[in-house]
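Survey of secondary and tertiary structure
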Amino acid sequence: MKLKSLLVGLGLLAGVGAAQAADDPFKVGFVYVGPVGDLGWSYEHDRGRQELEKYFGDKIETTYVENVPEGADAERVITQLAKSGNDLIFSTSFGFMNPTLKVAKRFPKVTFEHATGYKRSKNMGTYVLRTYEGRYVSGVAAGMLTETNTIGYIGSFPIPEVIRDINSSFMAAKSVNPDVTMKIVWVNSWYDPGKETDAANALMDQGVDVLLQHTDSPAPLIAAEKRGKRAIGQASDQSSFAPTAHVFSVRDDWAPYYIKVTQAVMDGTYEPSDFWGGFHEDMLSLASINDNLPADVRAKIDETYAKIKSGEFHPFTGPIKDNKGNIVVAEGHTLTDTELAQVNWYVEGITDEIPR
Amino acid sequence: MIRVQARTEPSTLMTFASPLLAIMLTLIFGSILFSALDKDPIQALHVLLVLPLSDAYNISEMLVKMGPLLLCAVGLSLCYRANMWNIGAEGQLLAGALGGSAVALMFVDSESFMAMPLTLLGGILSGMAWAAIPTYLKVKFNSNLILTTIMLNYIALYLLIWAVHGPLRDPDGFGFPESALFSDATLLPVLSDSGRVHLGVVLAVLLALFAWFILSKTHLGFKIRVYGADEPAATYAGYNAKGISWFVMLFAGALAGLAGVSEVAGPIGQLTPNISPGYGYSAIIVAYLGRLHPAGAIIASVFLAILYMGGDLAQIEMGIPIAVVGMFQGVLLFFLLACDFFIRYRVVSSRENMA
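Residues numbered from 1 in each chain as written. Chains lettered and ligands numbered in written order. Predicted model: local features only at pLDDT ≥ 70, side-chain atom pairs only at ≥ 80, totals over all residues.

**Some details on the interface of chain A and chain B**
The following threshold applies: Residues are scored as being in contact if the C-beta atoms we place from backbone atoms lie within 7 Å. Helix and strand assignments come from DSSP, with helices taken as H or I runs of at least 4 residues and strands as E runs of at least 2, each series counted from the N terminus. Residues are grouped as follows: Ala, Val, Leu, Ile, Met, Phe, Trp, Tyr, Cys and Pro are nonpolar; Asp, Glu, Lys and Arg are charged; every other residue, Gly included, is polar.
Taken residue by residue, the interface counts 37 residues in chain A and 30 residues in chain B. Examining the composition of the side of chain A that touches chain B, we find that 7 residues originate from one element, helix H3 (residues 72-83) of chain A, more than from any other. Class assignment of the residues belonging to the side of chain A that touches chain B gives a composition of 19 nonpolar, 12 polar and 6 charged.

Right under this line is the structure:
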């Protein structure tokens, strides 16, 4: 046993690489921006990877690299995944867009999929979640639950996705509670429990009693639990962090898409596209809806979810005015995915400016 | 009874033996760690320490990683030699990236041959300017350099984040916090076909050698060493303490600024909010591993670059989680610095004082 591993090791030291056999499994690589233990964004991507492995069994082999900084290192890590024989590579953070594109050009036979970006090529597609759908249901719940008529939003970065979701939440809250106002705090990070706690406390100090977050750590839920307020979980089921405060979590589920793309690349039917997944594709779901919610709130949550899932209702259907009085979505028009990707205005009623 | 005794002279033998001892201890620890995780320890050590140098691409990438570490560490070594406890390389690096990007973005549609040199100059001057703030506060008001430089790291980061969300943001980038891609004329020339190793890495090595020359062959270098070793003696000899402080800090700022601008105008090719994975902080480790010597910094920065790359490769090749890699790296650095203890101290057994 010892001797064998020693020999294997020496063989590798001598650079005897195993030649690729014909029946090698299909290899899929993943690049995560955070640790797989973040219990949020990267954790959910990794859960998708595990589901993918379960689904295909021995036919595929997956590899991941976690905690990859979005600077000069990303290109190297993606290159090394391509070099080590991965046939399909998912890079799961916006900052990986340009590095992924550069590597995709150099490895035309490898397929690349980049989450949340807008650049595509012959062998590189993009995929994103309709997070605004989950955010709309969150807004409805927050609007009904708030007693101070003030809800809070912890923003990460002022990019279209976050701006869009702030709008979606606020329109939803307004639809059930005309007196509601929203306060927004930016933490300039996707995952920073310290700053998220500070932001949560700052919002609650200003009278906020329901917290929405566009960041990935459970810190705001913990802060809300401590002060007897309410909060909505993001990306994964975060109910265990705040048994009382937790309303529900909008959970990401990347597995359906990972399975679909892997199958397509294996079959040779893959075409790069700009894929949007939400309630309808079961890539977003409401996890652990709290039993302590009033019945009318619970009913409204279920109803809103069902309407969005069936396609009966789209949050960005006109007429919508921005907070400067301009009509940004005309009556009868629903924003297309391309337009959704470019939202850079706040809806009427948000008394704040987008940081420039 | 075993006790520790200070040596009258640092041991020459231990100066060379201590890193070897540290590496042996780490290999033993690593073998136990990886075996406990059911990973082949020899393969793991091979992936962590040898694979980063296994082909032209990996060597090139190792050099890309080494560049900013080396630049920051050389500057810090000089500062620490002169008892200037500059923890601000990270901020100076970010200031360099920001200043350089501001220049580079004036040349987005230009192929001018001046674009690249002016961008580098912008980065260097920005790094120096950022280093000048705590130096002035220190020289003028004797403020605590450690605190001011740390705080300025955060200010530089937020300044960069503000700029990349605001004035320097790509107007065609859908509001994402990234600048436009720099023009080819702005980018540092790449030295090999197979990788991303660029002119900045060459400059880093040349500057390390230059710093070595200054420190060991010039009067200024002598003054820095005397000042650091014995401040009262330096003052008595009439050395200009303020001048020395200004020189080492501005030199360090220039190097860190160059490191920052070399990242944005090198492998990254644009300004993003995530320029540095903490190079300025890691450089403190590099400076100490290199025994505060510019030549030592070259070896130490290569070493740390290998370790960082090995960490990624261990995940790709063997599925070793990053936390385990981090533990291995931490233990290695701990042993390296801890074994230096034996250069100045020795362990003796004695029968004295046995009551």
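**Some points on the sheet that holds strand E8 (residues 210-213) of chain A**
Residues and elements named next belong to chain A. As a reminder, the rule being used: Any two strands with at least two DSSP bridges between them are considered paired. Each axis is a line fitted through C-alpha atoms, and for a helix only the stretch in contact is used; angles between axes span 0 to 180 degrees, taken between their N-to-C directions.
Taken in spatial order, the 6 strands of this open sheet run E7-E6-E8-E9-E10-E12, and their pairing is mixed. Each having just a single partner strand, strand E7 (181-186) and strand E12 (284-287) make up the two edges of the open sheet. Direction aside, the axes of adjacent strands within the sheet are offset by 20 degrees on average. For E8 and strand E9 (residues 230-235), the ladder comprises 2 bridges, and the chain directions are parallel. Opposite Val210, over in E9, you have Arg230 as the bridge partner.

**So, unusual backbone geometry**
Residues and elements named next belong to chain A. The cut-off we apply is this: Whether a residue is buried, exposed or partly exposed follows from its count of other C-beta atoms within 10 Å of its own C-beta, namely 20 or more, 12 or fewer, or something in between, respectively; the C-beta atoms are built from the backbone.
Across the junction of Gly318 and Pro319, the peptide omega takes the value 0 degrees, indicating a cis bond. Relative to the assigned elements, Pro319 resides in the loop between helix H10 (295-310) and strand E13 (320-321). The backbone of Asn149 shows a phi angle near 55 degrees, a positive value even though the residue is not glycine. You can see Asn149 is positioned in the loop between helix H5 (131-145) and strand E6 (150-155). Non-glycine residue Ser288 carries a positive phi angle of around 50 degrees. Secondary-structure assignment places Ser288 in the loop between E12 and H10. On the neighbour-count criterion, Ser288 (16 C-beta atoms within 10 Å) is partly exposed.

**Structural notes on the pairing of strand E2 (residues 345-349) of chain B**
Residues and elements named next belong to chain B. Counted residue by residue, E2 has 0 buried out of 5 residues, so it is predominantly exposed. Bridge analysis of strand E1 (residues 2-6) against E2 gives 5 bridges, and the strand direction is antiparallel. Bridging across to E2, Ala6 finds its partner in Tyr345.

**Examining the domain arrangement of chain B**
All names here are of chain B. Our working rule: Segment limits for the domains were obtained from an automatic or database-derived domain assignment.
The domains assigned to chain B are domain 1 (1-39 + 320-355) and domain 2 (60-318). Put simply, the middle of domain 1 and the middle of domain 2, counted by C-alpha atoms, are 31 Å apart. Per-class residue counts for the side of domain 1 that touches domain 2 are 6 nonpolar, 1 polar and 1 charged.

**Section: the nonpolar core**
Taken as a class, soluble globular proteins show a tendency for nonpolar side chains to be buried jointly. Under the convention used in this document: By definition, a nonpolar core groups buried Ala, Val, Leu, Ile, Met, Phe, Trp, Tyr and Cys residues that are joined through C-beta atoms within 7 Å.
Ranked by size, the top nonpolar core spans 203 residues in total, and within it B:Cys72, B:Ala73, B:Val248 and B:Ala252 carry the most contacts. Those residues in contact with B:Ala73, other than ones at most four positions away along the chain, are B:Ala283, B:Val286, B:Ala287, B:Gly290, B:Ala297, B:Ala300 and B:Ser301.

**Quick word on helix H2 (residues 41-56) of chain A**
Residue and element names in this part refer to chain A. Selection rule: To estimate how far a helix should reach, multiply one less than its number of residues by 1.5 Å.
Between the first and last C-alpha of H2 there are 23 Å, a value that for 16 residues agrees with the 22 Å anticipated at 1.5 Å per step. Burial in H2 covers these residues: Trp41, Ser42, Tyr43, Glu44, His45, Asp46, Gly48, Arg49 and Leu52. Along its buried surface, H2 packs onto strand E1 (26-31), strand E2 (60-65), E9, strand E10 (246-252) and helix H9 (255-267). Following H2 by one or two positions, Gly57 adopts a phi angle in the positive range, close to 60 degrees.

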